[in-house]
Amino acid sequence: MLSDQQISRLLDVGLAAVHKGLTEQAQTVFEGVLADRPGNVAALIGKAYSLMTVDQFEQAEAILRNDVLAAHPDDADGLAYLGLCLQLSGRTDEARDVLQRVP
């Protein structure tokens, strides 16, 4: 079992990997966190974000809607990343509607 500090560091590493274009490695990190902490919102959002960077918008949207927002409908980060995903996939009107719900 990983400590909260270790989880935080792994999430940082995963996001750094996304920013460097290392999508597969980022996915591995996020999956590792989720293996230890199923349903971890930050890891789910990180996983969705990494998918967005390689134009896998449908998969990212599914994670955000089904895994993050289904359990936490008012999660500001989940809503913001869903709005980003919709905008990047060309669904501007839907993105606007979602982003208006961000607290």
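Just so you know, these numbers come straight off a predicted model, no measurement behind them. (Residues numbered from 1 in each chain as written. Predicted model: local features only at pLDDT ≥ 70, side-chain atom pairs only at ≥ 80, totals over all residues. Heavy atoms only, no water.)

**Observations concerning the nonpolar core**
Considering soluble globular proteins, one finds that nonpolar side chains tend to be buried as a cluster.
Point 1. Counting 28 residues, the largest nonpolar core has Met 52, Leu 64 and Val 68 as the members making the most contacts within it.
Point 2. Counting residues per element, the ones that place at least two in this core are helix 1 (4–19), helix 2 (23–36), helix 3 (41–52), helix 4 (57–69), helix 5 (76–88) and helix 6 (92–99).
Point 3. It is helix 3 that provides the largest number of residues to this core, a total of 8 residues.
Point 4. Dropping the residues within four chain positions of it, Val 68 is found in contact with Val 41, Leu 44, Ile 45, Ile 63, Asp 75 and Gly 78. (Core = buried A, V, L, I, M, F, W, Y, C linked by side-chain atoms within 4.5 Å. Buried < 20%, exposed > 50% of the residue type's maximum accessible area, 1.4 Å probe, protein only. Helix = DSSP H or I, 4+ residues; strand = E, 2+ residues; numbered from the N terminus. Contact = heavy atoms within 4.5 Å.)

**Section: the packing of helix 1 against helix 3**
Point 1. Closest axis-to-axis distance for the helix 1/helix 3 pair is 10 Å, and the angle between their directions is 10 degrees. By the angle between their directions, the pair helix 1 and helix 3 is classed as roughly parallel. From helix 1, Leu 11, Leu 15, Val 18 and His 19 reach across to helix 3, where they touch Ala 42, Ala 43, Gly 46, Tyr 49 and Ser 50.
Point 2. Of the residues belonging to the contact of helix 1 with helix 3, the class tally is 6 nonpolar, 3 polar and no charged. (Axes fitted to C-alpha atoms, helices over the stretch in contact; angles between N-to-C directions. Parallel < 35°, antiparallel > 145°, perpendicular 65-115°, else oblique. Nonpolar A, V, L, I, M, F, W, Y, C, P; charged D, E, K, R; others polar.)

**A closer look at helix 4**
Point 1. If you check which residues of helix 4 are buried, you get Phe 57, Ala 60, Glu 61, Ile 63, Leu 64, Val 68 and Leu 69. On an axial view of helix 4, the arc spanned by its buried residues comes to 160 degrees, and they lie on one face. Residues of helix 4 that are exposed and point over 90 degrees away from its buried face: Glu 58 and Asn 66.
Point 2. Close packing links the buried residues of helix 4 with helix 3 and helix 5. (Arc of directions from axis to C-beta.)

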